[in-house]
Amino acid sequence: MSSPHSSPDMYIDTSKELHENDVFNFACTPEKSCFTHCCYDLSLILTPYDIYRLKKRMGMDSDTFLKKYTAVHVGSESGIPVVMVNIEKETYKCPFLDENKGCTVYEDRPGACRTYPLARITYKKDDMTIGDYYYIVKESDCIGHKDPKPWTVGDWINHEGLREYNHFNDFFAEVLEARKKSGIIHLHADQINDFYMACYNIDDFRRFFLEGPNLDRMMEEQAVIDKISNDDMELMQYAFNWTKRKIFGGCPSCSIAGCGK
Ligand code: SF4
Ligand code: SF4
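First, a word on what this report is: a plain description of the structure on this page.

About the criteria used
- Residues numbered from 1 in each chain as written.
- Chains lettered and ligands numbered in written order.
- Predicted model: local features only at pLDDT ≥ 70, side-chain atom pairs only at ≥ 80, totals over all residues.
- Heavy atoms only, no water.
- Axes fitted to C-alpha atoms, helices over the stretch in contact; angles between N-to-C directions.
- Helix = DSSP H or I, 4+ residues; strand = E, 2+ residues; numbered from the N terminus.
- Parallel < 35°, antiparallel > 145°, perpendicular 65-115°, else oblique.
- Contact = heavy atoms within 4.5 Å.
- Nonpolar A, V, L, I, M, F, W, Y, C, P; charged D, E, K, R; others polar.
- Near = heavy atom within 4 Å.
- Core = buried A, V, L, I, M, F, W, Y, C linked by side-chain atoms within 4.5 Å.
- Buried < 20%, exposed > 50% of the residue type's maximum accessible area, 1.4 Å probe, protein only.

## With respect to the packing of helix H6 (residues 189-200) against helix H7 (residues 202-211)
At a minimum axis distance of 6 Å, the contact between H6 and H7 shows a crossing angle of 105 degrees. In terms of orientation, H6 lies roughly perpendicular with respect to H7. Residues Met197, Ala198 and Tyr200 of H6 touch H7, and the partners they reach there are Ile202, Asp204, Phe205 and Phe208. For the contact of H6 with H7, the residue count by class is 6 nonpolar, no polar and 1 charged.

Printed below as a string of structure tokens:
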């Protein structure tokens, strides 16, 4: 599920699943008295694709971006590292918010910010592809919900440029699914570091995998190396698969989940 507005005042209406053609009423415009209220005092989790878009936007190496704008903690239930935006200490505002102009990274804002006032729920279908539906999310002081402007869920997804985000987030969801299947609850420190590098720090992973001494690369087909060397999104998906194999998948020689040797 994703929402930028993980605050104590957030309400998720789980009474109704919304699908592509279902309609809801909402509008967010700068004239509204609550404009930018939702960009304060929030828990904003970043996915790997969010981080990629934002670090490109800022013209930064992913390592520099992560150090400057984010903090990482290990989820108590998931056992995996989670990256969150550092909210400014004195103002409690998102660091990408300009109080007068609004979101300064609007075209590359995280998927959760795009999804609100919806929350996306994903699940595995019988054919093993990923299905989804949505719930309505309400922040207590968000008056956008009072606006009668109708949207179908599908129109909202298109309007907010969400399809691309959902597409890449679904690849990441496969990594989380692999953890669940592996039965591994707690990662050890090296595994946490590997997960963090491969899933969140794409420039470090590139250096590690494509430039460093690396047996995995030497075992890989040249066509694959060429593809991931020249296309960041291919590299990101490769890094997800590497994480699944290395941390959660075991290996042909011993089949021990999490062995990764
Ligand atoms: S309408 Fe809702 S989403 Fe838009 S600025 Fe106001 S609080 Fe934020
Ligand atoms: S990234 Fe932009 S839209 Fe999202 S919380 Fe920050 S300022 Fe608001």
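## Points about the environment of Ile225
Mapping Ile225 onto the fold places it in helix H9 (residues 222-230). Once the C-alpha coordinates of Ile225 and Phe209 are considered, the two residues, 16 residues apart in sequence, prove to be 9.6 Å apart. Excluding its chain neighbours within four sequence positions, the residues that come into contact with Ile225 are Phe209, Leu210, Arg217 and Glu220.

## What about the site of ligand 1?
In the neighbourhood of ligand 1, the contacting residues comprise Phe26, Cys28, Cys34, Phe35, Thr36, Cys38, Tyr116, Cys142 and Gly144. Taken together, the residues of the shell around ligand 1 sort by class into 7 nonpolar, 2 polar and no charged.

## As for the nonpolar core
Of all hydrophobic cores here, the largest spans 61 residues; its most connected members are Phe65, Phe195, Phe205 and Phe248. Element by element, the count of residues in this core is highest for helix H10 (residues 232-248), at 9 residues. Setting aside residues up to four positions removed in sequence, Phe195 forms contacts with Ile80, Pro81, Phe172, Val175, Leu176, Tyr200, Thr243, Ile247 and Phe248.

## What about unusual backbone geometry?
Among all residues except glycine, the phi angle is most often negative; among peptide bonds, the trans geometry is most common. In this chain, Tyr116 is followed by Pro117 through a cis amide linkage whose omega measures 15 degrees. Following the sequence through the fold, Pro117 ends up in the loop between helix H3 (111-115) and strand E8 (118-124). Backbone geometry places Thr36, a non-glycine residue, at a positive phi of 75 degrees. Topologically, Thr36 is positioned in the loop between strand E2 (23-25) and strand E3 (45-46). Using a relative accessible area of 10% as the deciding quantity, one classes Thr36 as buried. You will see that Tyr92, though not glycine, has its phi angle at about 65 degrees, which is positive. Considering the arrangement of structural elements, one finds Tyr92 in the loop between strand E5 (81-85) and strand E6 (97-98).

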